[in-house]
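Structural features, examined
Here are the chains, one letter per residue:
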Amino acid sequence: MAVQNKELVNGVESIEFATFLSDGTIDASSWVKGNNFASGSVVYTTNADTITSIIPEDKFTSIFTIATPGDPDTFNFNCFELSMDNYQRFFNVDIDAATSIVTVLAQKKCANLAIRLTTQPVHRVKKIYLYSNTECTVGYAENFTKEALVQLAVSASVMSYTALIDGVEKDAIYTVQTVNADGSVINADPPVVNAGANSTSTTSTKALTGTATPVSPKTIVSQLWSTVSKPVG
């Protein structure tokens, strides 16, 4: 029995980073995959807007309301990997490659990064969340003790960006795409169906020739034609 996908999301498969450019686009060549994230540390927090009702002194109901945007949503995660790449990505640093010395500078860095989160497959599909514009700051999640593994604690404020949708520019926050388990795109376009040209018949039977053309890369496994309506008599 086939199990119907209910658009479930279960766990994080990968987190990737890229540079968000000053012109509002993503440097597609800069995508890199993050590694060794602490279990249970990936958290997305939605900050609600504030609604204020204005009620005159001589009335009992509001005459209008004011919506004040809240703080940006935040995307937080902890990473075990204190690599040079992560220091460059999240800190304001100077690196001496010859000696492997990383000097963390006094002025903290707010990194403009695009973050792409891919979920674990559920019923043969998974989701890709793309936060195109984030402002990332970082600290340490654990003290330097004998027992604890030190973690980088990243807090990404999810900022808006300009998305071009059907030729119209709109302010957006993030996108969600459902793909197959192997990452291939799911094409939801239906096939192009043609029942054939109109014709008349003086007999009790009539042969019609219909066509169904799939949208690449889909294929049609089987066809079933049925009569929708017919003349009475």
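Here's what I pulled together on the structure shown here. These numbers were taken from a predicted model, which means no experiment stands behind them.

Thresholds applied
For every chain, the first residue of the written sequence is number 1, and numbering continues from 1 onward in sequence order. Reporting of local features is limited, given that this is a predicted model, to residues whose pLDDT is at least 70; pairs of side-chain atoms are given and counted only at 80 or more, and all residues count toward the totals for whole chains, interfaces and linings. Only hydrogens and water are removed before side-chain values are computed, so all heavy atoms of the structure are retained for them. Numbering of helices and strands starts at the N terminus; helices are DSSP runs of H or I of at least 4 residues and strands are runs of E of at least 2. In protein, a polar contact requires one atom able to donate a hydrogen and another able to accept it; more generally it is a pair of N or O atoms within 3.5 Å, and residues adjacent in sequence count only if both atoms are side-chain atoms. The contact criterion used is simple: two residues touch if any of their non-hydrogen atoms lie within 4.5 Å. Note on classification: 1.4 Å probe, protein chains only; a residue is buried when its accessible area is under 20% of the maximum for its type, exposed when over 50%, partly exposed between these limits. When a carboxyl oxygen of Asp or Glu is within 4 Å of a side-chain nitrogen of Lys or Arg, the pair counts as a salt bridge. At least two bridges found by DSSP between two strands are what make those strands a pair.

Describing the side chain of Asn78
If you trace the backbone, Asn78 turns up in strand E6 (residues 74–79). A polar contact is formed between the side chain of Asn78 and the side chain of Gln151, at a distance of 3.2 Å. Contact partners of Asn78, with chain neighbours within four places excluded, come to Asn36, Phe37, Ala38, Ser41, Ala141, Gln151, Leu152, Ala153 and Val154.

A look at unusual backbone geometry
One non-glycine residue with positive phi stands out, namely Asn36, at about 60°. Here Asn36 falls in the partly exposed class, since its relative accessible area comes to 48%. The phi dihedral of Ser100 falls on the positive side, at around 60°, and the residue is not glycine. If you trace the backbone, Ser100 turns up in the loop between strand E7 (93–96) and strand E8 (101–104).

Notes on the pattern of salt bridges
Scanning the model with the defined rule gives 2 salt bridges in all. As a salt-bridge pair, Glu13 and Lys126 come within 2.9 Å of each other at their nearest N and O atoms. Residue Glu13 is located in strand E1 (residues 12–19), and its partner Lys126 is located in strand E10 (residues 125–140); the two are separated by 113 residues in the primary sequence.

Quick word on the pairing of strand E11 (residues 152–158)
The two faces of the sheet receive side chains in turn, since in a regular strand these alternate between them. Alternating residues of E11 divide into Leu152, Val154, Ala156 and Val158, all buried, and Ala153, Ser155 and Ser157, none buried. Across 6 bridges, E6 lies against E11 in antiparallel orientation. Note on E11: the bridge partner recorded for Asn76 is Ser155.

Note that all results are geometric; they support no functional claim without further evidence.
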